[in-house]
Amino acid sequence: MTDPLIWICFLIFLPLVGGILGYCFKRYLQIVNLTSVGFSLAVAVLLLISYTSPIRYHWEWLPKFHLSIVIDQISLLLVTLVLFIALLVQFFSTEYMRSEKGIARFYGKLGFFIFAMLGLLLADNLLLLFVFWELVGLASYLLIGFWYYKDGIPKAARIAFMVNRVADAALLSGILLVYDQAQILSISDLNGTFTLLSSLLIAFGAFGKSAQLPYSGWLTKAMVGPTPVSALIHAATMVAAGVYLLFRVAPLMHEKAMLLVAVIGTLTAFYAACCALVQFDLKKVLAYSTISQLGYMTLGIGVGAREASLFHLLTHAFFKAGLFLAAASIIHFLHHVSKQDAQDMRYMGGLRQKIKWTYWSFLFCGLALAGLPLFSGFMSKDGILLGAWAFATEHGGWAYLIPDLGLITALITAFYAARMLLLVFWGESRTVMQHGFRESARFFVPTLMLALLSIWLFYHWNPFAHHAHFFSMLGIKDAVFAGGGELIPFLATLMAGVGTVLGYAFFKPDSTYAKNFSILPIPSSLGMNMLFRGLALTDLYAYLGKYIYRFSMLLAFIDQKLINPLLHLFAIGSVVFSKVLALLDRFLVDGPVNFIARAAAFLGRRLAGLSAREGQVQFASLLVILILILIWTFFF
Amino acid sequence: MMLAVQGLVLLMVVIGCAIILLTKNVVHAAYALGLSLVGIAGLYVFLNMELLAVVQILLYAGGVVILLAFGVMMTNRLQGEQVVTGSRSPFWSLVIALATFVGLVSLFSGLEFTNQQVNIESQAKPSQLEAIGVAFLTDHLVAFELIAFVLLVALVGAAYMAKIASDD
Amino acid sequence: MQNLLSWIFLFPLAVAFALLLIPSAKKSLFRVVALITLGAQFILSIVLLIGFDSSLAPSSWKSAFQYVVKVDWINLSLASVGNFKIQYYIGVDGISVLLVALSSLVLFIGVLSSWNMKEKVKGYFFLYLLLSSSVVGCFIALDFFLFYLCFEFMLLPMFFLIGIWGGKRRSYASIKFFLYTLFGSLFILVVMIMLYMGVQEEGINTFSLAAMMDGNYLTDAVLNPESDGYFLGVPARSLAFLFLLVGFAIKLPAVPVHTWLPDAHVEAPTPISVVLAGLLLKVGGYGLFRILYGIFPDLTAKYSGLLAFFGVLSIIYGGLNALAQRDLKRMVAYSSVSHMGFVLLGLASITSAGIAGSLYHMISHGLISPALFLVVGVIYDRTHNRTMDCFSGLAGKMPVYTFLVALFFFAGMGLPTLSGFIGELMVLMGAFTSKVLAKWYGILAILGMIISAAYFIWTLQRVFFGKYFVRESAWEPHMKDLSPRELIMLIPLAVLVVLFGIFPTWILDFSNETIEFFMKHLSNSLS
Amino acid sequence: MIEQEQSVFLYLIAFLISAGVYVILNKRNLIFILIGIELIVNGANLLIAFFARSESTSNGQILAIFSVVLTVCEVAIALAILLSIYRRRQVSDLDQLKEIGND
Amino acid sequence: MKLSDQLQGIINELGAAGTETTLMLGAIILLVFGLFQSKPIFIKLLFAATIVFGIYMNLRPVESGFYISTALYLDEQLVYFISLLLLGGLLILLFPRDQHSVEFYFLVLSLLVGCSFMLKANSLLLVYLSIELVSFVSYILTGFNFRKQGFEAAIKYLLFGTLSSAVMLIGLALIYGTTNTFFLSDWTFTLFSSIGSQVGLLFLCFGLLFKIAIFPFHVWTPATYQAAPSDAVALLSVAPKLAGLLLLRRVLLACELTLDHWVTEVLLVLGVVTILVGTFGAIGQNNVRRMISFGSIAHSGFLLGLILAPSGHFDKEAFWWYSAIYVIMNIAAFFIVDQYERKGILLSSDYFQSQKSVWLGAVFTLVLVSLVGIPPLAGFTAKLFLFSSLWRSYQVDGQVLQAVFLFSAVFATVASLFFYLKVPKNIFLSPKAFSQNGFADFSLRSKFIATLFAIILLLAFFVPSSVMNLQMLLHNTHE
C-alpha cells in the first residue's frame, strides 16, 4: 500500500473535484462527472478486492485533537455502494435533467453530496463524522431546493433542513458528552459504554437523518426534489447514514438506549408502512416505504442484529434506488406525454405496455421491497426478523411485540407494494396520452441494473440465506448469526405472500378500488386522513415553528418595549430628575414657585388677602435656612 | 439709671424691628431701621466700643438709611405709587423665623465663654481708639489697605452703573 | 522590525492628520489615500504575522509578548499617589497578533466598502483612520492606560461616523452607542484606578498589564488576592471583577445590555457596521481575555456560572430575536449578539478548548459578520431598502450574490468546513468538558445553533428563493449581480471563511502556546 | 447682672436675626429685603461686639467696623443696580424679575 | 515688641503682598489713564502689562510662612495658583468686546486682587474682606453688559450673596467668640471642640461654598452665567471658585478636621448632591450657557471632593491639574459659546444653523468632550486624577462617603455626556437642513483661538508633565 492519503483523496475528493470542474467547464459536464465518479468507484472496488487490513490515517485538526479516517471492509463496501448508485444516478440524470437550465449546478451539488457521503462513511472520528453528517444535510438541502424558483420547494427544503438540524444538535450534544466522558472521539479507539444521556442523544441524532419517528416528516417533504436525487439521497445513501452511525456505535451504546432504538425502529416501520398504504403520490409511497424500511434497519440495530441491518441497508439501497429511478422514468414519461401532475398515481395505470423496461425493473424491485423469497429484500429482512426474534426470546414478554410488529409490517409492506405496482402498471391508463414516447436507454439501463441487483443470486446462491452468509462470503469475520430457528423465514415468507395476494385481490385492475381510483378523494376519516398526512408530523413541525416564531416575536417585543426601556431607566430617570431639577431651578431663580412656596403662597393669600407671587431669592434663602435648620436638628 | 437707659436702648431696637416687621410701607421701614440701628449703636456704647458706635451711627444710620430712603424715593415715588409692599406668606415666614430664633437661642445657650471672668473695670480702657489706630497700621495693615480699595471698587462700580443707567 | 507594531498602530493616525491638509474639494483623493494607508497597514500586519514566533513558550506575562516597545510616556510625580507612570507599552502575543491581523483586514475592506461615499468625504476618512488606529491600539496596548485610551477613543469617531453618515434615527443610535459604551468604560476606569493603586513594577505603581497579570501586587493593596480587601462591605476583587465584566459585556455585547447594538447597526452606514461588528465587538471580547481573565484569574471559576449564564442567554435570546426581525441588518445585528454569547460561554468554561474556541470564534465572527453586513449593504445600495418582505427570489437575478450570501449564512449558522463551525465547536467542547460548568449550558448553547440555522435558512428562503419579486419597479434596473468592487470585498472574506473552516490550525498555531500559558495561568491561580 | 445682661444681649441678637429672616422671606419689595439683610448683618455685628467686649485686643471691634463699611458698599451697589433695573423696567418687586430662565 | 520694630518688620515683609499691590496700583493707574486715553488697545496693553507684572511679582521665590503681622500666609503652591488665576485673567483679553470701558478692566483686576487675597488670607478679617471684594466685583460684572437680564441676575446674585455673607459673618463671630482667635494659624483641633465653634465653622464654610457654587448655594450660578458678559463669566466661573476652594482647604486644614467629623461629612454630602444636581440640572437645559453653568456646578462638586481628602493625603498635584485644566476648558467653552452667540445662536437646539461651520463645531466638541472627561483630552486626565485621589482617600480612611462620592462622580460623568453631547449632536447630526444664506462663517481669529485651546487640551493629555511643569516654567522665567 502506498500512502493512504492518496487513496483517500481519490475516494473522497474526486467526485467533488468532478462536480466543480463540471460546473466550470459546462461543455464537458457529464463526462467529467461520470469519469470522476467512475474512477473513484474503480478505486473503491480495487481497494475492496485487494483488502487486507484497515487503512487508517489521522491528523491533528485542532490543538491536541486528532481526526481520523479508517478504511475498513464495511466502509469500503458502503463506499462502493454509494459510488455505484451515484454513478447510475448521474448516468440516469444525463437524460432526465438534460433540459434543465441548472444542470451544471445540479451536477455540482451532486458531486458535493457524494463527497460528503463518502467522508461520512470513512470517518472514524465521531466529530469528523458529524462534520460530514452536516455537509450531507446541506447537500440534501441544496438538492431538494434545486428548483428554488418554484413555489413551495424552498419551504420544503427548509423544513427538511431544520428537522435535520434539530437532530444534528442532539447528535452533537451526544458526541460532546462522549468526548467529555472519554476524551477521545475515534470510534475505533473508544471502548466501554456511553452514558444513557449521551447514548440517547446520539440515537436521536441518528433518527433524524434516517427519518425515524419523530423526525420522519421531513423525508416526504424532501420528495419535491428531482427524483434521481431522491433515488440517491433519500432512498439509498443519506438516509442510511443514521443507520450506519448506529451500526458503528452500537457496541458502545447504553443498553436502554438500544431498547429505545429497537422500539422506535419498530414503530416507524409499522406506521410508515401504514402511511404508504393510503398515499396517492407515487414518490410519497416510496418515501414512506423508505421510512418503513429504515425503521427495519433501526429495529435490527436495536435488537442487536447490526450486520443484518447493514445487509438490509445494502439490499434496500439497490431496490429502493431502482424503484425511485423507475418512478423517475414514469414521471418523465407522464410529463412528456400528458403534462399532467406527473406523480399522482391516480393519473397512472396501465403503463405496463408503454414503458416495458421500466415495468420490469419496477416489478423486480417492488418484489424485493415486498420481501418475497428469491429477492434480496427477503434475505435481509429475514435476518433482521431473526435478530428480533432472538432478542424477544431473550427478553421475553412484551419484547415479542417487536418481531410480531415486524412481521405484520412485512405483510403491509407486501400489500402496499402490490397496490403500487398494480395501480401504476396494470389495468387501463387513467390519462389521455397526447404524445408518443420511446423509452430511453439511459433511463432503463441503470434502472435495470439496480433491478437485477435485487435478485438473490448476487448475494448468495441460497435464496433463504441471510446476511451472515453474505458477510462471511466477503470475509467479514465478526458477523454473528443470530439464531431463531426456521420459524421466522417461514413466517416472513408467509406474511409477504399473504400481503401480495391480498394486495392483488384488493387492487387488481377490475377491483372496485382500482376502478374508482382516479376519482378517489383524499381520505376524510380521521384515522385515514392522519395516515395520509403521515401522522401530520409536518404540520406538527409547522406548529412548532410557528410558536417558536411567535415566541421570538414576543421576545423581540420585550426587547424593544421592555428591556430597552428598562435599560433606559437610567436615562429616563435622569431626564425626569433633570426635569424636576429644571422645575426646581425655575422656582429658585426664574419663575413659578415650588411646592413649599406654593403652599406658603396659598396660605399667604388666605391670610393677607393679597395675590402672592412667587419668590426667587426668597425661596433660595428659605432653602438655605431650612437646610441649616435641618442640619441643626440632625446633628444635635 | 444705667439699667433704665439700657432698657430704653433695647426698646428702641425692638420697636424698630417690630415696625419693620409689621409695616407695609417701605419708607416707614427704612426709618424704623434707622431707629433700630441707632439703638444698636447705643448697645455698642454699653459694650465700651465707642468707635464702633460712631461708625454705626455715621455710616449705618446715616448712610444706609439715607441710601435706602433715596432708593425708595427714586423707584416707587417717581410714579406716585403707594410705597407699600405686599407680603408673601406671613405664616410660613413666621414659622421659619421662629425656628431660627429657637435654633439660635439654643445655640447661644450652649456657648462656653472663654473670657467670662474678665471684670468690668478692665473694659474701661481709655486708649481704645489709639489701640485701634495702631492695629490698623500694624496687625491689620493689609486689611486697611484692602478696604480702601474695596471702597474704591464699590464707588467706581456703583457710579458707573448708575451712570450707564441714567445715560439711556 | 522592532517598531513594526508602532507603524501599524500609528501610521493611520499620522495619515489621518495629513488628510486634514488636503483641500476638501479633491474628493476622490481621500479614499485613495485611505486605501493605500490601510493597505500598507494590512501588509505590515501580514509581515507581523510572518515574523511572529508562535513557538515561544512564555514563563510569565512579562515575557509573553513579542515586538515589545516599552517607552516611558508620562512620568509625573504626584506626591500622595506616588509616581504617576504611564508607558507607551505595546506588544503582541498569540491572542492579540491574530486580532491585529483581523483588524487590518477588516479595516481595509471597510475602505473598499466606503468607496462610493459622497458626502463630507474628508471628515469621513479622517474619522475612519482615527478609528483604525484606536482599534489596533486596543489590541496591542500592554499598558492599561493606553488600552483605556484607545478603548475610549473609539467612541468619538464612531459617534460621528454613525451620527453623520447614518440612517434616519442616526442621532438616537449614535448617542445610545456612546452612552452605553461610556457607561461601561467608566466601570473599567474605576477598576483601572484600583489596580493602578495596587500594582507595582520595580517599586513604582504601574499601569502595565503584564505586571497586573503577573500579580505584582502591593501587600496592602485592596485588590491583592491574598489580602481579602473589602470595598463597601463587598470583597473588592469580586467587585472589580464584576465591574470589568459589566464594562466589557456592554461592549461585547451580552444580553441584558445589548440594546445599543441593533440600533447602532441599523443606523450606521455599511462600512461602519462592518467595522463595528467585525472589530469593536472583538475589543469587548479581547478585554475579557486580557483584562478580566488575565488579571482576575482566581475569580474566574467562581463566576464562570454567571458568565456562562449570560453567554447562553445571549445565544438563545439573540437568536430568537434575530428570528423575529424583518430588517435584514437588524437580523444580522441580533445574530452578532447571539454569536458573541459563544465567546462568553467559551471563556466561562475555563478549558483550553473553550478559550481557544472563544478566540477562534472572535476571529471567525470578525470575518463573517463584516461579510454579512456587506452583503446586506449590497442590496441596500441598490434599493435603499432592507426589509425582507420587499424581496423574493433574488437567486435568479443575482446568482453570484446569492451564492456568497448562502456561504456566509451557512458560515454564520456554524456549518462545518466554514470557520463559524470551528469556533462554536471548540467553545462547545470546552463547555462540555468544563469542570466548572453544568452540561446544560452546552446543551442549551447547541439549541442556539438550531435557532441560528432557523433564521438564516428562513431568510434565505424568503429573500433569495421562490419567485422573483421586488416591491418597487423602480428598483428593477438596479438588480444586477455583484460589481467587481463588491467581489473584491467579498471574495477574500469568503476564501478565508472556507480556509479557516477547514484548516483551523492555521490560526490556532499562532495562539497555541499563549493559550497554554493562559490556561496555566488560570489553573495556577485557581488551585 | 452680667448673666442677665448676657442673656438679654443674646436674645436680642437672635431676635434681630430671625426678624431679618422673616422680612426676607415675607416681603416682596427689593428694598425691604435689603432691610431684612441689614437686620441680620446687624445681629452678626452685635454678636461680634458682644464677644469682643471683654477681649484685650481690638480685633473684634475692627471686624465689626469693617463689616459696617462693607455693608454700606453693598447697599450702594445694590441701589445702583436697583436704579438701573428701575430705569428699564419700572419695577421694584423681586417677583416681577423673571426674564432669565430656561426656554 | 516695640511699635517701630513691628513697623520695620512689616515694611520688610511688604513684598508678600507685592502681587496684590501691583494689581491694585495697576488698576488705579488704568482708571486714571482711562480718563485721558480710551483707545482700547492702550487699555488692553496696560491691563496685560499689569497682569504680567503681577505674575512677575508673584513668582519671586518665597518661603512658606506668615507675613505682615501674620495677616497673610504664603507658600509655593498658593503662588502657583495665583499665577494660574492671573493667567486666566489674561486669557479674557482674547474675548472680543463691544465696549472697551476702562471700568471693566479695572473690575477684572479688582477681582483678581480679591481672589489672590482670598488665597493668602490668614486673619478672619482679611478672609471676610477678600470674599466681599470678590463678591462686589462679581455683582457688578454680572450686570456689566447693561441689559435687563444682566441687572436682574446681578440683583439676585447680590441679594443671595449678601445673605450668604451675613451667614458667614455670623459664623466668623461664633468662631471668634468661642475660640477667641483671629487668625487661621492659631487654630487647633481642640479649639473646635465646642458646638458653637463647629457651627461657626460650618457657617464660614457656607460663605465659601457660595463662592464655589456648591449646593444649596449654587442657585445664583445659572442666572449669572447666562446673563453676564462672556468674558466676565469665563473669569467668574474659574477665579472665585478656585480661590474659594483653596481657602476652604486652608480653613479645613487649619482646624484639623478629620474626615469623619460631622462638618466634613456635611461638606461631603453637599459635594455629592452638588455633583448630582449640577449634572442632572444641566440635562434639562436648552440654553447652552445655562447648560455649561450647571456643568460647572458639577465640576465644583468634583473639585470639592479633591479638597476633602484625609489629612496628609491632599492631592496637591491632582488639584493643580484639575484646576489648571478646568480653567482652560471653561474659558475655552465660554469663548466658543460667545462666538456662537454673536451669530445669534443661544439655544442648543439652534446649533444646527451652524452645521456648515464644521471646524469650530469640531473644536467645540473637543472642548465639551474634555469637560465630560473622555480621552484623549486633558479633562480625562483630570477625572483620572480625581478618581484616583478619591479611591486613595477611601483606601486610607475607609470613609463610606468617599466611596459614595467616587461612585456619584463616575455616574455623573456618564450622565454629563447626555447634555454635553447635545451641542455636537445638533451641529453635526441634525436632520434639519438649514439654508446657509445669511450665515457667515466664523472669523479666522476666533477659529484660531478656539483651536489653540483645543490643542492645549490635547497636548496636556499627551504630555501631562507640561501642566505640571507649568509651575516650574513660570518659576524659571523669573530667573
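Residues numbered from 1 in each chain as written. Chains lettered and ligands numbered in written order. Predicted model: local features only at pLDDT ≥ 70, side-chain atom pairs only at ≥ 80, totals over all residues. Heavy atoms only, no water.

Novice: Report on the overall build of chain C, specifying residues and quantitative values.
Specialist: Scanning chain C from N- to C-terminus turns up 20 helices and eight strands. Computed over C-alpha atoms, the radius of gyration of chain C comes to 22 Å, within 12% of the 24 Å expected from 2.2 N^0.38 for 527 residues, which places it in the range of a compact globule. By the burial criterion, 72% of the 527 residues in chain C qualify as buried. Expressed as a percentage of contacts within chain C between residues at least 6 apart in sequence, the contacts between residues at least 24 apart total 78%. Carbon and sulfur atoms make up 65% of the accessible area of chain C, which totals about 14600 Å². When the 32 basic and 26 acidic side-chain charges of chain C are each reduced to a single mean position, those positions are 12 Å apart. (Helix = DSSP H or I, 4+ residues; strand = E, 2+ residues; numbered from the N terminus. Rg over C-alpha atoms; globule rule 2.2 N^0.38 Å. Buried < 20%, exposed > 50% of the residue type's maximum accessible area, 1.4 Å probe, protein only. Contact = heavy atoms within 4.5 Å. Areas by Shrake-Rupley, 256 points an atom, 1.4 Å probe, with all protein chains shown as cover. Lys, Arg positive; Asp, Glu negative; His and termini not counted. Charge placed at Lys NZ, Arg CZ, Asp CG, Glu CD.)

Novice: Quick one: what's the story with the packing of helix H7 (residues 170–198) of chain C against helix H16 (residues 378–397) of chain E, residue by residue and with numbers?
Specialist: Close contact between H7(C) and H16(E) brings their axes to 10 Å; oriented N to C, the two are set at 55°. Compared by their axis directions, H7(C) and H16(E) come out oblique. Handedness of the H7(C)/H16(E) crossing: right-handed. Two secondary-structure elements touch here, H7(C) through Leu186(C), Leu189(C), Met192(C), Ile193(C), Met194(C) and Met197(C) and H16(E) through Phe380(E), Leu384(E), Phe387(E), Ser388(E), Trp391(E), Arg392(E) and Gln395(E). Its residues assigned to classes, the contact of H7(C) with H16(E) comprises ten nonpolar, two polar and one charged. (Axes fitted to C-alpha atoms, helices over the stretch in contact; angles between N-to-C directions. Parallel < 35°, antiparallel > 145°, perpendicular 65-115°, else oblique. Left-handed = near helix turned anticlockwise from the far one by under 90°. Nonpolar A, V, L, I, M, F, W, Y, C, P; charged D, E, K, R; others polar.)

Novice: Can you explain the packing of aromatic side chains? Please cite residues and give values.
Specialist: Under the criterion given, the structure shown has 112 aromatic pairs over all chains. Where Phe92(A) meets Phe443(A), the ring centres are 4.7 Å apart and the plane angle is 20°; that geometry is what we call stacked. Here Phe92(A), found in helix H3 (residues 73–96), pairs with Phe443(A), found in helix H17 (residues 441–452); they are 351 residues apart in sequence, far enough to count as distant. Across this residue pair, the class does not change: Phe92(A) and Phe443(A) are buried. Cluster of aromatic residues (ring-pair linked, three or more members): Trp73(C), Phe145(C), Tyr148(C), Tyr196(C), Phe207(C), Phe380(E), Phe461(E) and Phe462(E). The aromatic ring of Tyr23(A) is capped on one face by Lys26(A), whose charged end is 4.7 Å from the ring centroid. The ring of Phe507(A) has Arg419(A) sitting right over it, with the charged end atom 5.9 Å from the ring centre. (Phe/Tyr/Trp six-rings, centres within 6.5 Å; stacked < 30°, edge-to-face > 60°. Lys NZ or Arg CZ within 6 Å of the ring centre and 35° of its normal.)

Novice: Explain the pattern of salt bridges to me, using residue names and the numbers behind them.
Specialist: As enumerated under the stated definition, the model contains 23 salt bridges over all chains in all. The salt bridge involving Arg98(A) is made with Glu95(A); its shortest N-O contact spans 3.5 Å. Assessed through its relative accessible area of 15%, Glu95(A) is described here as buried. Overlapping salt bridges, with partners in common, bring together Arg169(C), Lys176(C), Asp263(C) and Arg330(C) in one network. (Salt bridge = Lys/Arg side-chain N within 4 Å of Asp/Glu carboxyl O.)

Novice: Mind laying out the packing of helix H4 (residues 76–91) of chain E against helix H14 (residues 316–342) of chain E, listing which residues take part and the relevant values?
Specialist: All names here are of chain E. Their axes nearest at 10 Å, the elements H4 and H14 cross at an angle of 5°. When the interaxial angle is binned, H4 and H14 end up roughly parallel. On the side of H4, the interface is formed by Gln77, Tyr80, Phe81, Leu84, Gly88 and Leu91, while H14 contributes Lys316, Phe319, Trp320, Ser323, Ala324, Val327 and Ile331. Along the lines of polarity and charge, the residues of the contact of H4 with H14 split into nine nonpolar, three polar and one charged.

Novice: Which residues make up the side chain of Asp93(C), and what values go with them?
Specialist: Residue and element names in this part refer to chain C. For aspartate 93, the position within the fold is in the loop between strand E2 (82–92) and helix H3 (94–113). Taking the relative accessible area as the measure of exposure, aspartate 93 reaches 0% and is therefore buried. Among the polar contacts listed, one links the side chain of aspartate 93 to the side chain of serine 96, at a separation of 3.0 Å. A polar side-chain atom of aspartate 93 sits 2.8 Å from a polar atom in the side chain of arginine 290. Apart from the residues within four sequence positions on either side, aspartate 93 is in contact with Phe52, Trp61, Ala64, Phe65, Arg290 and Thr514. (Polar contact = N/O pair within 3.5 Å; in protein donor to acceptor, adjacent residues only side chain to side chain.)

Novice: A description of the pairing of strand E2 (residues 65–71) of chain A should follow, citing residues and the corresponding values.
Specialist: Residue and element names in this part refer to chain A. When you tally the buried positions in E2, you get six out of seven residues, the bulk of the element. Relative to E2, strand E1 (residues 55–62) runs antiparallel, the two being bridged by seven bridges. Opposite isoleucine 55, over in E2, you have isoleucine 71 as the bridge partner. In sequence, E1 turns back onto E2 through a hairpin of two residues, with lysine 64 there showing a positive phi of about 60°. (Pairing = 2+ DSSP bridges.)

Keep in mind these numbers describe shape, not what the thing actually does.
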